[in-house]
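Descriptive structure summary
Okay, here's what each chain looks like letter by letter:
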Protein chains: 2
Amino acid sequence: MSSVAEPHQADDGHGPGGGLAHRVPDLGALELLLAVARLGSLGAAARELGITQPAASSRIRSMERQMGLALVDRSPRGSRLTDTGALVTDWARRVVEAAECFDAGAQALRSRRDSRLRVAASMTIAEYLLPGWLLALRAERPDTAVSLHAGNSAAVAERLLANEADLGFVEGLSVPTGLDSVVIAHDHLIVVTAPGHPWARRRRPLAASELAATPLILREKGSGTRQVLDSALGGLARPLIELSSTTAVKAAAVSGAGPAVLSELAVREELAMRRLVSVPVEDVALARDLRAIWPTGHRPVGPARELLSLTRG
Amino acid sequence: MSSVAEPHQADDGHGPGGGLAHRVPDLGALELLLAVARLGSLGAAARELGITQPAASSRIRSMERQMGLALVDRSPRGSRLTDTGALVTDWARRVVEAAECFDAGAQALRSRRDSRLRVAASMTIAEYLLPGWLLALRAERPDTAVSLHAGNSAAVAERLLANEADLGFVEGLSVPTGLDSVVIAHDHLIVVTAPGHPWARRRRPLAASELAATPLILREKGSGTRQVLDSALGGLARPLIELSSTTAVKAAAVSGAGPAVLSELAVREELAMRRLVSVPVEDVALARDLRAIWPTGHRPVGPARELLSLTRG
DNA sequence: CGCTGCTCATAAGGACAGGTTATGCCTCCA
DNA sequence: TGGAGGCATAACCTGTCCTTATGAGCAGCG
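Below you will find a few notes about this structure. Predicted, not measured: the structure shown is a model, and the values here were computed from it. (Residues numbered from 1 in each chain as written. Chains lettered and ligands numbered in written order. Predicted model: local features only at pLDDT ≥ 70, side-chain atom pairs only at ≥ 80, totals over all residues. Heavy atoms only, no water.)

A short note on the interface of chain B and chain A
Counting residues at the interface gives 72 residues for chain B, matched by 72 residues for chain A. Buried surface at the junction of chain B and chain A, summed over both partners, amounts to about 6400 Å²; 61% is from carbon and sulfur atoms. Three residues, B:Leu20, B:Trp91 and B:Phe102, lead the burial of chain B against chain A; their summed loss comes to 13% of the area buried on that side. Here A:Glu97 and B:Arg275 are joined by a salt bridge, their closest N and O atoms 3.3 Å apart. Inspection of the region where chain B meets chain A yields 16 residue pairs in polar contact (both at pLDDT 80 or more). Sorting elements by how many residues they give to the side of chain B that touches chain A places helix α5 (residues 83-110) of chain B first, with 23 residues. Each residue belonging to the side of chain B that touches chain A can be placed in one class, and the counts come to 33 nonpolar, 16 polar and 23 charged. (Contact = heavy atoms within 4.5 Å. Buried area = accessible area lost by both parts, 1.4 Å probe. Salt bridge = Lys/Arg side-chain N within 4 Å of Asp/Glu carboxyl O. Polar contact = N/O pair within 3.5 Å; in protein donor to acceptor, adjacent residues only side chain to side chain. Helix = DSSP H or I, 4+ residues; strand = E, 2+ residues; numbered from the N terminus. Nonpolar A, V, L, I, M, F, W, Y, C, P; charged D, E, K, R; others polar.)

Given below as structure tokens:
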């Protein structure tokens, strides 16, 4: 029951030129570029990253050679980004930020035991929201060791009640007894298809009956997403296929296998890139709350309170 | 006049443990992990990336050692991700996607001459939107060579009229004569502050007069963002400091220097991570259109039409 | 039952990237 | 006219990642 079982997908150009890694400078080089942009000098950037000035000079130079672009204007009294360098640096910043989220998440997965704050979260929240929160928390309280356990809503509640976690995050319809909660955000399930699908060009909203009558790509029964959909349609959702992870559902939908129902959190990126298109729906209650939960009476204090305050919009 | 001149900022933990690059696997490893997730086998993933099976095996193993996490369940008939591996892979996917955007953008900056589609775009669009569009275009038309030139709105128009570009993207109030256009999206300028600023806790919307009376962190006169703000306030915006790039303005605002006015495109990430907070505003027309533009009479065809169709919501 | 085909693991060697120290040149400023 | 800070080059070292060659576990089939 663990996870990924993805269908074939016809996308991504694994064409010639070899992997991304040969065309994109590695993270260390991008980090260095950001430091140069911020500090205005190769030497200063080198010091900040704990390397020597010649190392920085050589690394920036080979990055420019690799990309075929002049990124930095060197002068005897400092270095500034060129115009294209500024643009490249902005794109690089996004890569580094994603890597920082990765790192924050990985670190939380690693430090299981001796953590000052033990968090349990549902898959969707752990995937899309939590790394950013952890990063923000680290910015304010750099020495707070956080541990993370991801699972379904029931598992999260269980861990809290067993005192194996201090704070939980779930997306669901109801809160288990013995737990207090606060709504931290709202989420909507939305219907998505590949851009080529007939529904993609629909202007008139889909009726609930139509949705219930159409075979859909769905998460397995028991997942939070599926529960909300079944309840909204009165237990009637017809699966085209059932997949055990959000990722697999997205991949199937992108490949054109059919319409899928997913959290808007999960498909924001795909919508922005037009890999998926949202289909308007009427009359169906696909909203759900994202909640922070904790054992009744143990109102969050210290790091837990800090993290909680970061999550509220 | 080129670019970045960032003020001091007290954030990011350049603390111990050395750079990100030592804690996060490099792009090649992340790419490999995604391939393993998708294909269900180390050997198959290795083949897809054009390396040998032992190389893949060793690389995954050292990634697991580096992170201190078991990512893959190996068996004599294939490999599957562990639960934590699935989570890590989802985070890795975001890093790789950011790198793909970086690559698409860099490639467009590089191929200046012999391109089938020459695009000119304003800075904001080039920074935040265009890489995604280029990636989507590459997915559909892998062999379309695109070149990109970024500049302010006037420069974009100039390039189009001089037949140095086929398609332009600008965010602005008006369209120069000699050019046709279509609105592809709507953008709003928003007022943001660091979370600690008094305005951050404001519930009651800010009046235009209040905004005009307060010194703000702003882009330089002549930028599209500044033009819209000045016009909305009747030419009255009072600068606290003027900076020459969106990035510098964001950094100043994050560090708490004061309130800033920026496109919501530019601060979406910062808002999500609570590094900045949006301040409600009333009575001020801060909306602006994002437009695709082209020389009158040369309606986009071929690759230009293709790209245009990807940008419309 | 043993062959064939798939999987992953290990071992030994080579290429290269990225780091270091040492040094030189340029420019601004006191 | 030093001195300080900036960048570049050269020579060398080391670790990482790749390769080829080989071994071993599990499945299906004649």
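Here we look at the relation of the copies chain B and chain A
What relates the pair of chain copies is a rotation about an axis plus a shift along that axis. Between the two copies, chain B and chain A, the superposition gives an RMSD of 0.0 Å; the rotation angle is 180 degrees and the shift along the axis is 0.0 Å. In short, the pair behaves as if placed about a two-fold rotation axis. The C-alpha atom lying nearest the rotation axis in chain B is that of B:Val95; the distance is 2.9 Å. A symmetric contact is evident, with 100% of the interface residues of chain B recurring at the interface of chain A. (Least-squares fit on C-alpha atoms with pLDDT ≥ 70 in both.)

A look at unusual backbone geometry
A negative phi holds for most residues other than glycine; trans holds for most peptide bonds. The residue A:Arg274 is not glycine, and still its phi comes out positive at about 60 degrees. Looking at the secondary structure, you find A:Arg274 in the loop between α12 (264-272) and β10 (277-279). The backbone of B:Asn163 shows a phi angle near 55 degrees, a positive value even though the residue is not glycine. Position of B:Asn163 relative to the elements: it lies in the loop between α8 (153-161) and β5 (167-172). For B:Asn163, a relative accessible area of 52% puts it in the exposed group. (Buried < 20%, exposed > 50% of the residue type's maximum accessible area, 1.4 Å probe, protein only.)

Focus on the protein's contact with DNA strand D
What surrounds DNA strand D is a group of 21 residues, the closest being A:Ser57, A:Arg61, A:Arg74, A:Ser79 and B:Thr52. Put simply, 67% of the atoms of DNA strand D that lie within 4 Å of the protein are in sugar or phosphate. The separation between a sugar or linking oxygen of DNA strand D and a polar main-chain atom of A:Pro76 is 3.4 Å. Separating a phosphate oxygen of DNA strand D from a side-chain N or O atom of A:Ser79 is a distance of 2.7 Å. For the surface near DNA strand D, the element with the highest residue contribution is helix α4 (residues 53-67) of chain A, accounting for 4 residues. The class makeup of the residues in the surface near DNA strand D is 7 nonpolar, 9 polar and 5 charged. (Near = heavy atom within 4 Å.)

Concerning the nonpolar core
With 127 residues, the main nonpolar core has A:Phe102, A:Leu148, A:Phe169, B:Phe102, B:Leu148 and B:Phe169 as its most contacted residues. A per-element tally of this core places α5(B) first, with 15 residues. (Core = buried A, V, L, I, M, F, W, Y, C linked by side-chain atoms within 4.5 Å.)

Considering the protein's contact with DNA strand C
Around DNA strand C, a shell composed of 22 residues is seen, among which A:Thr52, B:Leu42, B:Ser57, B:Arg61 and B:Arg74 lie nearest. Within 4 Å of the protein, the contacting atoms of DNA strand C are 71% sugar and phosphate, with bases supplying the remainder. Take B:Gln53: an N or O atom from its side chain is 3.1 Å from a base nitrogen of DNA strand C. In this structure, a phosphate oxygen belonging to DNA strand C sits 2.5 Å away from a side-chain N or O atom of B:Ser57. Broken down by secondary-structure element, the contributors of at least two residues to the surface near DNA strand C are α4 of chain A together with α3 (42-49), α4 (53-67), β1 (72-75) and β2 (78-81) of chain B. The element that contributes the greatest number of residues to the surface near DNA strand C is α4(B), accounting for 4 residues. Looking at the surface near DNA strand C, its residues break down into 7 nonpolar, 9 polar and 6 charged.

Some words on the pairing of strand β7 (residues 216-219) of chain A
What you see with β7(A) is no split at all: A:Leu216 and A:Leu218 on one side and A:Ile217 and A:Arg219 on the other are buried throughout. As a crossover connection, the stretch from β7(A) through helix α10 (residues 224-233) of chain A into strand β8 (residues 239-243) of chain A is right-handed. (Right-handed = clockwise from strand over helix to strand, strands pointing away.)

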